[in-house]
Amino acid sequence: MTPQLLFYILIGIIIANFIFDQFLDALNAKHFNDSLPEELSDVYDDKEYERSQAYKKTRYRFGILTSTFSLILTLAFFFLEGFAYVDDIARSISDNSIVIALIFFGIILLASDILTTPFSYYSTFVIEEKFGFNKTTKATFFLDKLKGWLMGALLGGGILALIIWFYQLTGNDFWIYAWIIVTIFSIFMNMFYSKLIVPLFNKQTPLEDGSLRQKIEAYARNVGFQIDKIFIIDGSKRSTKANAYFSGFGKEKRITLYDTLVNDLEEEEIVAVLAHEVGHYKRKHIIYNLSLSILTTGLTFWILSLFVSNPIFSQALSVEETSFHIGLIVFGILYTPISEITGLLMNLLSRKFEYQADDFAKETYAAAPLISSLKKLSSNSLNNLTPHPSYVFFHYSHPSLGQRIFNLKK
Ligand SMILES: [Zn+2]
């Protein structure tokens, strides 16, 4: 293979990926106006339904705009030999290949984040604002950016530096050590994310004693679930959209409820949502997901090790010197078709797990409050109730509302 052919293969993958995503989005949008199935007819009243229709269309058009912009930006960067340019800058600052890689990714990631910031600003302060979702202040928005950059530089930079160091020491065997370090890191993060990272962005307070806490504890006792860590997070600081999630395992397991969820739902509905989350734990979904992501990480690093030192990778991007960081960029693009497939399989499994967690809530608590809570949450987020099945198949980590209600009523 010539470097030029490899270059055009990369361009082909980028464009094919874009076309496929646009096709799915358009297919989904074509069904925005489908009539609602019987069991979903009470989710919206007429006025709210109209707002949800407008919201979907606005989001769809905005999606086309942002993805077209990033496609043009990416293609321009490839054809104008941007990677060689940034590589030169990094090499003019240092001779150390770890430092060069850190500067290289630092420049590319920071620049692309800055270029896309106007879009996320517009999304938050124009679109979400217009539909009444936004609660983020401009100070919070920019502070979040800053914290995100610092955290990315510290954690991402640290891990990248370690991986390149392993590569220098062990050559193509680096993938085993990289796999071990990333595995340790992701288990650590799974355990302590809520304790270490979330407080940088949000306030978490233990759920106060009262009728809600008593109901939750009574349910937990009933299903033999040890839970003393129930937290309320101030999601309302950024958006009116509500959520709840489970994290950690063993002694570090905790349930986090958004304050918006506690405000929007009745106590029985909150216990039902919680029963669903307990279902994820009891059915060992957290362990399965973590194990699977560890396995795919290992597979990815192993394939990376087969290719990364090949000089054709650098030549394809017009970079003279072969390096790990250029290899990583080319590999990242060549790997997209595989990561699309693994992502698809993960979504498939995740939807299966959602049914299992719903079933658990139905068996150990009740279906009715879970159904009404799902309807309320969907309506409060102006969710699309008529997604196209192919769109659900590729993109949804949860079954559609209609599918979940059908399963809960069975
Ligand atoms: Zn779930």
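Residues numbered from 1 in each chain as written. Predicted model: local features only at pLDDT ≥ 70, side-chain atom pairs only at ≥ 80, totals over all residues. Heavy atoms only, no water.

## Thoughts on the overall build of the protein
(1) Moving on: Across its full length, the protein holds 17 helices and 4 strands.
(2) Moving on: Taking 410 residues into account, the globule formula puts the C-alpha radius of gyration at 22 Å, and the protein, at 23 Å, falls close to it.
(3) Moving on: Counted over contacts in the protein with a minimum sequence separation of 6, partners at least 24 positions apart contribute 76%. (Helix = DSSP H or I, 4+ residues; strand = E, 2+ residues; numbered from the N terminus. Rg over C-alpha atoms; globule rule 2.2 N^0.38 Å. Contact = heavy atoms within 4.5 Å.)

## A few points about unusual backbone geometry
(1) Moving on: The backbone of E81 sits at a positive phi, close to 55°, despite the residue not being glycine.
(2) Moving on: Relative to the helices and strands, E81 is located in the loop between α2 (46-79) and α3 (82-93).
(3) Moving on: A residue is classified by how much of its surface remains accessible, and E81, at 42% relative accessible area, is partly exposed.
(4) Moving on: Phi at L382 takes a positive value of approximately 50°, unusual for a residue other than glycine. (Buried < 20%, exposed > 50% of the residue type's maximum accessible area, 1.4 Å probe, protein only.)

## A word on the coordination of the zinc ion
(1) Moving on: Protein-derived ligands of the zinc ion are H276 (NE2), H280 (NE2), E354 (OE) and E354 (OE), with the metal-ligand distances lying across 2.1 to 2.6 Å.
(2) Moving on: Around the zinc ion, the 4 donor atoms sit at angles spanning 53 to 134°, and that spread fits a shape best called irregular.
(3) Moving on: Every donor residue of the zinc ion comes from the same chain, spaced as H-x3-H-x73-E. Of this pair, H276 and H280 both sit in helix α10 (residues 267-282), 4 residues apart, which is roughly one turn of the helix. For the pair formed by H276 and H280, the shared burial category is buried. (Donors = N, O, S within 2.8 Å, 3.2 Å for Na, K, Ca; no water. Tetrahedral: all angles 85-135°; square planar, octahedral: opposite > 155°, others 65-115°.)

## Points about the environment of L317
(1) Moving on: Note on placement: L317 falls in the loop between α12 (311-316) and α13 (324-334).
(2) Moving on: In this structure L317 comes out as buried when scored by relative accessible area, which is 4%.
(3) Moving on: Between the C-alpha atom of L317 and that of Q4, which follows or precedes it by 313 residues, the distance is 8.7 Å.
(4) Moving on: Contact partners of L317, with chain neighbours within four places excluded, come to L10, F78, F83, A84, I326, I329 and V330.

## What about the pattern of salt bridges?
(1) Moving on: This structure, assessed with the given rule, holds 15 salt bridges.
(2) Moving on: Here R91 and E321 are joined by a salt bridge, their closest N and O atoms 3.6 Å apart. Highlighted residues: R91 in helix α3 and E321 in the loop between α12 and α13, separated in sequence by 230 residues.
(3) Moving on: Given the relative accessible area of 48%, E321 is considered partly exposed.
(4) Moving on: Linking K376 and E269 is a salt bridge whose minimum nitrogen-to-oxygen distance equals 3.0 Å. Residue K376 is located in helix α15 (residues 367-380), and its partner E269 is located in helix α10; the two are separated by 107 residues in the primary sequence. (Salt bridge = Lys/Arg side-chain N within 4 Å of Asp/Glu carboxyl O.)

## Structural notes on the confidence of the model for the protein
(1) Moving on: Taken over all residues, the pLDDT of the protein has a mean of 95, while the share at 70 or more is 100%.
(2) Moving on: For the protein, the element scoring lowest by mean pLDDT is strand β3 (residues 244-247), at 87; helix α1 (residues 3-30) scores highest, at 98. (pLDDT = per-residue confidence, 0-100.)

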